[in-house]
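Notes for the structure review
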Amino acid sequence: MPLIGYARVSTEDQTPLPQSQALKSAGCAEIHEEQASGGNRARPVLARVLERVTKGDTLVVVRIDRLARSLSHLLEVIERLEAKGAFFRSIEDPIDTASPQGKFTLQVLGAAAEFERALIRERTKAGLASARTKGHVGGNPGLRARDPSALRKVRLARQDGYMERLNETAQDWVPHVRRLRPDMAWEDVLRIVNGPLPEARRWTQSRLLRAVKTYVRDGFLPESVLARAGRRETDDRLPAIIAGIKGADPNMTLQAISDRLETMRERTPRGRSKWQPSSVKMLLERAEKLGLLD
């Protein structure tokens, strides 16, 4: 079972060497180091690691806080690994999702997170009910009066919140959109984007288009990605999809691409649901002849 190590430090003054040595001692032949804040979910090194892990791999960290600073982020990463058939292990914490004990610990953490959310909801409801009994009306007075200044502040706050959520997920979709559009139709881009994502994080086409238009408006993506997709021969569709998957991770194995296509429920040229590496190799060679590979 391949072990992939991830070490993170927050500042340039810190060194990841102790973490890397501990990961090496734990049996990690491949170790990725990153200097980034733990509160930042959009870490490029972590994003690449999560993208390239395949079925049977185990992501290993020295401590949980090296991977995530919040329970929600930790559960999100583990859910993404499980969707790929991969596992997670923390050396200094009792979590190893390949073992029954580790899975139980994870279930307890998930239950604790849900309990915490339920408590917050109940406290909020109780606070609002108490305020109403005292004659207090909840909400923003400016909004109730339809004050233009208050409405503008709310609108800007919502826009900022939406951008923050987009930035947290940008590594999931921006590279694919930048590389595949407008050469590939939106429905096929969507399938490639959703391929490695757990079901709870998958995009709809309307949501993806809204996100892309927002990034184009703010200059993060070129306007050309919104251009109309050119017509493509039916026989070229599968090579284009496989080239898109390979382009996201040039080191991806034929078997990993086969697994991704099955996750996407993409049919083989003969209409079968089970993909073989030989079929992927044949279509990659066709994609190269068509100039679809960089």
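The structure displayed is predicted, hence computed values, not measured ones. (Residues numbered from 1 in each chain as written. Predicted model: local features only at pLDDT ≥ 70, side-chain atom pairs only at ≥ 80, totals over all residues. Heavy atoms only, no water.)

1. A few points about the nonpolar core
Of all hydrophobic cores here, the largest spans 37 residues; its most connected members are Trp 173, Trp 203, Val 212 and Leu 221. It is helix H7 (residues 148-180) that contributes the most residues to this core, 8 residues altogether. If we ignore the near neighbours within four places in the chain, the residues touching Val 212 are Trp 173, Val 177, Trp 186, Leu 221, Val 225 and Leu 226. Grouped together as the second largest cluster of nonpolar side chains are 19 residues, Ile 4, Ala 68, Val 77 and Ile 78 included. (Core = buried A, V, L, I, M, F, W, Y, C linked by side-chain atoms within 4.5 Å. Buried < 20%, exposed > 50% of the residue type's maximum accessible area, 1.4 Å probe, protein only. Helix = DSSP H or I, 4+ residues; strand = E, 2+ residues; numbered from the N terminus. Contact = heavy atoms within 4.5 Å.)

2. Considering the pattern of salt bridges
One pass over the full model with this rule turns up 14 salt bridges. Between Glu 76 and Arg 201 there is a salt bridge, with the nearest N and O atoms lying 3.7 Å from each other. A residue pair is termed long-range when its members are at least 10 positions apart, and Glu 76 in helix H4 (residues 71-83) and Arg 201 in the loop between helix H8 (186-194) and helix H9 (205-217) qualify at 125 residues. You can call Glu 76 partly exposed: its relative accessible area is 24%. Measuring nitrogen to oxygen at the nearest pair gives 2.6 Å for the salt bridge that ties Glu 266 to Arg 237. Of the two residues, Glu 266 is situated in the loop between helix H11 (254-263) and helix H12 (277-289) and Arg 237 in helix H10 (residues 237-248); the sequence distance between them amounts to 29 residues. Note on Glu 266: relative accessible area 6%, which makes it buried. Judged by relative accessible area, Arg 237 falls into the partly exposed class, the value being 27%. What emerges from the salt-bridge pattern is a single network uniting Glu 51, Glu 76, Arg 80, Asp 172, Arg 201 and Arg 260. (Salt bridge = Lys/Arg side-chain N within 4 Å of Asp/Glu carboxyl O.)

3. Focus: the pairing of strand E3 (residues 58-61)
Across the two faces of E3 the burial is the same, with Thr 58 and Val 60 and Leu 59 and Val 61 all buried. Sheet analysis places strand E1 (residues 3-9) next to E3, joined by 3 bridges and oriented parallel. Within E3, the residue paired with Ile 4 across the bridge is Leu 59. Sheet topology note: the E3/strand E4 (residues 87-90) ladder contains 4 bridges and is parallel. From the neighbouring strand, Leu 59 faces E4, where its bridge partner is Phe 88. (Pairing = 2+ DSSP bridges.)

4. Observations regarding empty space enclosed by the protein
Enumeration according to the criterion identifies 1 cavity of 30 Å³ or more in this entry. Of the pockets and cavities examined, the largest cavity occupies roughly 90 Å³. Taken together, Arg 41, Arg 43, Leu 46, Ala 47, Leu 50, His 73, Glu 76, Val 77, Arg 80, Glu 168, Gln 171 and Arg 201 make up the lining of the largest cavity. Elements with a minimum of two residues in the lining of the largest cavity: helix H2 (44-52), H4 and H7. Top contributing element to the lining of the largest cavity by residue count: H4, with 4 residues. Its residues assigned to classes, the lining of the largest cavity shows 4 nonpolar, 2 polar and 6 charged. (1 Å grid on protein atoms, 1.4 Å probe; cavity = no way out; pocket = protein on both sides within 12 Å on 5 of 7 lines; lining within 4 Å. Points joined across faces, edges and corners; volume = space filled by probe spheres on them. Nonpolar A, V, L, I, M, F, W, Y, C, P; charged D, E, K, R; others polar.)

5. Description of helix H1 (residues 17-25)
By the burial criterion, the buried members of H1 are Gln 19, Ser 20 and Leu 23. Seen from one end, H1 has its buried residues packed into an arc of 100°, which puts them on one side. Of the exposed residues in H1, those oriented more than 90 degrees away from the buried face are Pro 18, Lys 24 and Ser 25. (Arc of directions from axis to C-beta.)

6. Quick word on the packing of H11 against H12
It is at 8 Å that the axes of H11 and H12 come closest, and there the two elements cross at 95°. Judged by the angle between their axes, H11 and H12 are roughly perpendicular. Touching Leu 254, Gln 255, Ile 257, Ser 258 and Leu 261 of H11 are Pro 277, Val 280, Lys 281 and Leu 284, all from H12. A class-by-class count of the residues in the contact of H11 with H12 yields 6 nonpolar, 2 polar and 1 charged. (Axes fitted to C-alpha atoms, helices over the stretch in contact; angles between N-to-C directions. Parallel < 35°, antiparallel > 145°, perpendicular 65-115°, else oblique.)

7. Regarding the packing of aromatic side chains
Using the criterion set out here, one finds 3 aromatic pairs in the structure. With a centroid separation of 5.0 Å and 55° between ring planes, the pair formed by Tyr 215 and Phe 220 is classed as tilted. Taking relative accessible area as the criterion, Tyr 215 reaches 6% and is therefore assigned buried. Here the aromatic residues Trp 173, Trp 203, Tyr 215 and Phe 220 are joined through ring pairs into a cluster of three or more. A cation over an aromatic ring shows up here: Arg 207 above the ring of Trp 203, its NZ or CZ 4.4 Å from the ring centre. (Phe/Tyr/Trp six-rings, centres within 6.5 Å; stacked < 30°, edge-to-face > 60°. Lys NZ or Arg CZ within 6 Å of the ring centre and 35° of its normal.)

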